[in-house]
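What the coordinates show
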Amino acid sequence: MITHCSHFTVSLQSKFRAVFGLVLLFVAVSLCAQTVSPLDELKADPRKAYGTDYPYSFEKVKLTKAPKGYKPFYISHYGRHGSRYYWSDRLYYELDSLLTKAHQKQLLTAEGEAFYNKFMASKEELKTGISELTQLGWEQHQFIARTMYNNFPQVFKKGGNVLAISSLSGRCVLSMSAFCQELVQCNPKIEIREQSSRFTLDGVVPTDRQNPVKHRFPRVTPRYEKNKDRFKYEDNLRDKIIPRVFTSTEGLPGNLHHIGSNLINLYTSLPSIGHEGMMGNIITDQEIVDQWENSNLGSYSWVFGPQNDMIPVLQDIIRKAEAAINGTSDHIADLRFGHDTCLGPLTVLMGLNGADKDPEDPYEVKNTYQNWLTGKASNVQLIFYRKGKSSTDILVKCLLNGREVRLPVPTDNYPYYRWSDFRQFYTARCQSVKDSAK
């Protein structure tokens, strides 16, 4: 009998009619999900417009059953740290100086004054917490670990060895700890070696300056950038929100564009730190949605350019998976905890759901990549299946934030791919790029 982690037990209706109705509903939802446009997704969840600030969604996702006879036996994972305070102290300190001077000069609107009072009541917490993982970030990784355990209990039911590696950043180390503790809560027979070390940086954050292995891969410019002038966009959000806070900005520090950007950055970070409502109606989710397509273009350039830098991570994934398959490693899972600066380019390098398509038309970029997929605690999971005890008949499935995704690898059995095809395709992709540091 396969046991499930007790935190995540799902009750099922016993009557045939109820079960049949649920099946029909799932099929309908699945079919719709395949055709929903990014703009429609934003209508359903406007916070996705926060992009890389989007907090991980605690949703349950139905997965495709494995082909007959195949059972999961190994998982390879890369996850971004969970929700955190803003990454730079500059945001909080600059807003503190700005709002304090505006208050002293009596340049705040009534709504600006209310914002000032809430910000001042929380500023010591914000300044102290800079870049650190929040409680929500911890819970996100607990949820992801529980979900992984319950989705693939065959991998974990007998226990076994897991290696978890992290960037040197505290928020990544704590994300790793939350994830690993939850796995062990689900099954105490699981043995996890956690490591945050320069020795393992090449497999999780190869671009870290402290990585003793040096690389120099060519950067890539997305083709849409040559056609930027085709994209028509009215960037007036900053002009709208500043008068809602200030009666005048004369004598206040910072130019108007920078002030507006700071206000937007604070707003989109608030759900991750438990301070929704701090800014009242100064900014609305719909206004963030209205500017999303433009911000997503910038995000695509940001993740597309350094995609080759993640070749060492992809090679680490292939190497460790091959070791688990051929028996030279006893790991049931290899876990990695890093940053959006790695996960985003990795999704492009791997071409998840066509993220590597590189469209020429800037209006097509939104259908190629959506920046909320690189949000807080976002993750890639590769699930490996074998038939019997075979070391050659291996299938692999890829999940992005818990959802099955397409790979640029041939298959007649989506979402399952033959490991031999996966390995051959991505090995060739890695080898096609020259590392000039070698």
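As a reminder, the structure under discussion sits directly above these lines.
Now for a quick tour of the structure.

With that settled, consider the overall build of the protein chain. Tallying secondary structure elements over the protein chain gives 15 helices and eight strands in all. Since a compact globule built from 438 residues should have a radius of gyration of about 22 Å, the 23 Å found for the protein chain is in line with a globular shape. C-alpha atoms of the protein chain, sized along the principal axes, occupy 75 × 60 × 40 Å. Relative to its full complement of 438 residues, the protein chain shows a buried share of 53%. Sequence-distant contacts in the protein chain: of pairs separated by 6 or more residues, those separated by 24 or more amount to 80%. Working note: accessible area of the protein chain is about 21,000 Å², and carbon and sulfur atoms make up 50% of it. Side-chain charges of the protein chain comprise 54 positive and 46 negative groups, with the mean position of each set lying 7 Å from the other.

Attention now goes to the packing of aromatic side chains. In total, this model carries 18 aromatic pairs according to the counting rule given. Among the aromatic residues, those joined into a cluster by ring pairs are Tyr74, Phe384, Trp419, Phe422, Phe425 and Tyr426. Arg386 extends its terminal NZ or CZ atom over the ring of Phe73, reaching a point 3.9 Å from the ring centre.

Another point: the pattern of salt bridges. A side chain with one charge can pair with a side chain of the opposite charge if their charged atoms come near. What the rule picks out here adds up to 21 salt bridges. Across the pair Asp96 and Lys127 runs a salt bridge whose closest N-O atoms are separated by 2.5 Å. Here Asp96 is found in helix H3 (residues 89-104), whereas its partner Lys127 is found in helix H4 (residues 110-129), with 31 residues between them in sequence. For the residue pair Asp96 and Lys127, the accessibility class agrees, reading buried in each case. Here Arg238 and Asp235 are joined by a salt bridge, their closest N and O atoms 3.2 Å apart. With a relative accessible area of 39%, Asp235 lands in the partly exposed category.

Another aspect to go through is a positive patch on the surface. A cluster of like positive charges, contributed by Lys71, Lys157, Lys158 and Lys389, occupies part of the molecular surface. Relative to the helices and strands, Lys158 is located in the loop between helix H6 (153-156) and strand S2 (160-166).

Turning next to the layout of surface pockets. Counted as a void, the second largest pocket has a volume near 970 Å³. What lines the second largest pocket is a set of 33 residues, and nearest its centre among them are Thr52, Asp53, Tyr86, Trp87 and Asn265. Only helix H9 (256-273), helix H11 (292-304) and helix H13 (340-350) provide two or more residues apiece to the lining of the second largest pocket. Of the residues forming the lining of the second largest pocket, the biggest block, five residues, is contributed by H11. Its residues placed into classes, the lining of the second largest pocket shows nine nonpolar, 15 polar and nine charged.

Criteria and thresholds
- Note on numbering: residues in each chain are counted from 1, in written sequence order.
- Where totals are concerned, whole chains, interfaces and linings use all residues; where local detail is concerned, this predicted model gives features only for residues with pLDDT of at least 70, and gives and counts side-chain atom pairs only at 80 or more.
- Only hydrogens and water are set aside; all other atoms, that is, all heavy atoms of the structure, feed into the side-chain values.
- By the criteria applied, helices consist of DSSP H or I runs no shorter than four residues and strands consist of E runs no shorter than two, each listed in order from the N terminus.
- What the globule rule says is 2.2 Å times the number of residues to the power 0.38, and the radius of gyration is computed from C-alpha atoms.
- The buried label applies to any residue whose accessible area, calculated with a 1.4 Å probe on protein chains only, is under 20% of its type's maximum; exposed applies above 50%, and partly exposed to all values in between.
- The contact criterion used throughout is that any non-hydrogen atoms of two residues lie within 4.5 Å.
- Here the Shrake-Rupley method, with its probe set to 1.4 Å, supplies the accessible areas, and only the displayed protein chains count as covering residues.
- Note on charges: Lys and Arg go in the positive column, Asp and Glu in the negative column, and His and the chain ends are not counted at all.
- Charged side chains are reduced to one point each, which is NZ for Lys, CZ for Arg, CG for Asp and CD for Glu.
- Aromatic rings from Phe, Tyr and Trp, taking only the six-membered ring of Trp, are treated as a pair when their centres fall within 6.5 Å; an angle between ring planes under 30 degrees marks them as stacked, one over 60 as edge-to-face, and anything in between as tilted.
- Only Lys NZ and Arg CZ are tested; either one counts as a charge over a ring when it is within 6 Å of the ring centre and within 35 degrees of the ring normal.
- One speaks of a salt bridge when a side-chain nitrogen belonging to Lys or Arg is within 4 Å of a carboxyl oxygen belonging to Asp or Glu.
- To count toward a patch, a residue needs a relative accessible area above 30% and no salt bridge. Like charges then connect within 9 Å, nonpolar side chains (Val, Leu, Ile, Met, Phe, Trp, Tyr) within 5 Å.
- Residues are called lining when one of their atoms sits within 4 Å of a cavity or pocket point, these points coming from a 1 Å grid over the protein atoms alone, where a cavity is a set in which a 1.4 Å probe fits but cannot get out and a pocket is an open set with protein on both sides within 12 Å along at least five of seven lines.
- Grid points are joined across faces, edges and corners, and a volume is the space filled by probe spheres set on the points.
- Classes in brief: Ala, Val, Leu, Ile, Met, Phe, Trp, Tyr, Cys and Pro nonpolar; Asp, Glu, Lys and Arg charged; the others, Gly included, polar.

Any link to function would need more than the numbers given here.
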